[in-house]
Amino acid sequence: MSDMKEIYLDNSATTRVFPAVADLMTRVMLETYGNPSSMHHKGVEAEKLLRNAKEIFSGILKCDMKNIYFTSGGTESDNIAIIGAATAAKRRGMHLITTQIEHPAVINTMKHLESEGYTVTYLPVDSYGMVKLDKLEAAITPETTLVSIMHVNNEIGSMQKIAEIGELIKRCNPETLFHVDAVQGFGKATIIPKKMNIDLMSVSSHKIHGPKGMGMLYVGDKVRINPIVFGGGQQNGLRSGTENMPGIAGMAKAADTLCSKLKEDADKLYELKERLIKGALKLDGVQINGVEFSDDLKAKLKEKNDSGTIELDATSEQELKAAIAKTAPHIVSISFPGIRAEVMLHTLENDGIYVSAGSACSTHKPEPSATLKAIGLDKSLLDCTLRFSMSVFTTEEEIDKTVAVLADKLPMLQKYTRR
């Protein structure tokens, strides 16, 4: 495999850092290595880097620098937001709301709070992974202190209507805080917390071509939140500990680079997503998850001409684009009936193609995906589903090669389909 060109389609698990990010981090580690809390020149240099990073994120999110906090990653940001907000509002109420398809960093934090006496409502989703707004509205009570809903699902790419959800929450209970896990959405779609009634928002560096071990937490104005990390009082006491300046500088550089051409990159990713979906649907028995196709469009997508390709009329083409545009631009969930995900994953790996069998943060567990179960995926497909996730580095040629390998290997694997 050493001579084979790699095709990396597991960007929802982690991304390759931008070269400029690696260069900047090296300079910070070797030159601007002071502690931002130190009063001498090296400390002042580091403090300027910290301020610059906050300026970058506050510019992207259209907020004040005081709203920006740096953490060790999306998991810590989720934990601080949920536990910090829940404990700060404990006297007012102990009811929390989330969904059945959240990342383990949210689900397991909620389970911890349940063990501490809190009540948690886990909202159902429809077959495309979308939150049922009527269920959310019915669940909010005067005792509901926090609602936590992810922007983009990390397995199937469903993209919630965050602005609509935020408005609904505040209409039902203005005091209820809204936390958004934006780990998969940040850098893929524009998010303006104040306009969307978002009080708390989590971001992860290594999902946006920044370094691992870095995260960001947005905390809205007048939001009361208790710290869960204690120490020297850095970052206004919310997240103590000497700031990871190489990581902070690298994450900010990655965010600035990605968000400076967000729409351009998102448009390109949507084109690649459509290309992969069309290519996959040419293959017998394959199912796409998380995208809402009409019955008519489904039928047309299954029709092939003499050359084995799918041809759509202009109306159907626009319908397909519109359906895909309602989802995240970089994630495609594909089920291969009868073929275990692990088998298909390693088959692709043998050709230098890297994909995922689900969330990289929970693959050590043998249980089927909670997300796939929540959307009602047929039981026979729960362990036959792969996630393909792209980035700004992904090319049309890589997508075409992936489809070609699937077309070549699938018939052979289907001969050994479980009966």
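Let us look at the structure shown here. These numbers were taken from a predicted model, which means no experiment stands behind them. (Residues numbered from 1 in each chain as written. Predicted model: local features only at pLDDT ≥ 70, side-chain atom pairs only at ≥ 80, totals over all residues. Heavy atoms only, no water.)

## Some details on the nonpolar core
Within soluble globular proteins, side chains that are nonpolar tend to cluster in buried spots.
Then, number 1: With 59 residues, the main nonpolar core has Phe57, Leu61, Phe70, Leu136, Phe178, Met201 and Met216 as its most contacted residues.
Then, number 2: Two domains each donate at least three residues to this core, and these are domain 1 (7-13 + 262-415) and domain 2 (19-260).
Then, number 3: Contacts of Leu61, omitting those with residues within four sequence positions, involve Ile68, Phe186, Ile191, Ile192, Pro193, Met201, Met216 and Tyr218.
Then, number 4: Membership of the second largest hydrophobic core comes to 45 residues, among which are Ile288, Ile324, Ile353 and Val355. (Core = buried A, V, L, I, M, F, W, Y, C linked by side-chain atoms within 4.5 Å. Buried < 20%, exposed > 50% of the residue type's maximum accessible area, 1.4 Å probe, protein only. Domains from an automatic or database assignment. Contact = heavy atoms within 4.5 Å.)

## Regarding the pattern of salt bridges
Then, number 1: Tallying each qualifying case throughout the model produces 20 salt bridges.
Then, number 2: Arg171 is paired through a salt bridge with Glu167; the nearest N and O atoms lie 2.7 Å apart. Of the two residues, Arg171 and Glu167 are both situated in helix H6 (residues 162-172); the distance of 4 residues between them amounts to about one turn of the helix.
Then, number 3: With a closest N to O distance of 2.9 Å, Asp267 and Lys263 form a salt bridge. Taken as a pair, Asp267 and Lys263 lie in helix H8 (residues 262-281) at a separation of 4 residues, close to a single helical turn.
Then, number 4: Look at Asp267 and you get partly exposed, because its relative accessible area is 34%.
Then, number 5: Taking the relative accessible area as the measure of exposure, Lys263 reaches 59% and is therefore exposed.
Then, number 6: A single network of salt bridges, built from pairs that share partners, joins Glu274, Lys278, Glu317 and Lys321. (Salt bridge = Lys/Arg side-chain N within 4 Å of Asp/Glu carboxyl O. Helix = DSSP H or I, 4+ residues; strand = E, 2+ residues; numbered from the N terminus.)

## A look at the sheet that holds strand E9 (residues 287-289)
Sheet strands associate in pairs through backbone hydrogen bonding, adopting either a parallel or an antiparallel arrangement.
Then, number 1: If you walk across this open sheet you meet the 3 strands as E9-E10-E12, and the pairing is antiparallel. At either margin of the open sheet sits one strand with a lone partner, and together these are E9 and strand E12 (385-389). Adjacent strand axes in the sheet meet at a mean angle of 30° when their direction is disregarded.
Then, number 2: Summarising the sheet, strand E10 (residues 331-335) and E12 pair through 5 bridges and their orientation is antiparallel. (Pairing = 2+ DSSP bridges. Axes fitted to C-alpha atoms, helices over the stretch in contact; angles between N-to-C directions.)

## Details of the packing of aromatic side chains
Then, number 1: Taken as a whole and assessed by the stated rule, the structure comprises 3 aromatic pairs.
Then, number 2: Through a chain of ring-to-ring contacts, three or more aromatic side chains come together here, namely Phe57, Phe70 and Phe186.
Then, number 3: Seen from the ring of Phe393, Arg16 lies directly overhead, with NZ or CZ sitting 4.0 Å from the centre.
Then, number 4: One residue, Lys42, lies across the ring of Tyr33, its end atom 4.5 Å from the ring centre. (Phe/Tyr/Trp six-rings, centres within 6.5 Å; stacked < 30°, edge-to-face > 60°. Lys NZ or Arg CZ within 6 Å of the ring centre and 35° of its normal.)

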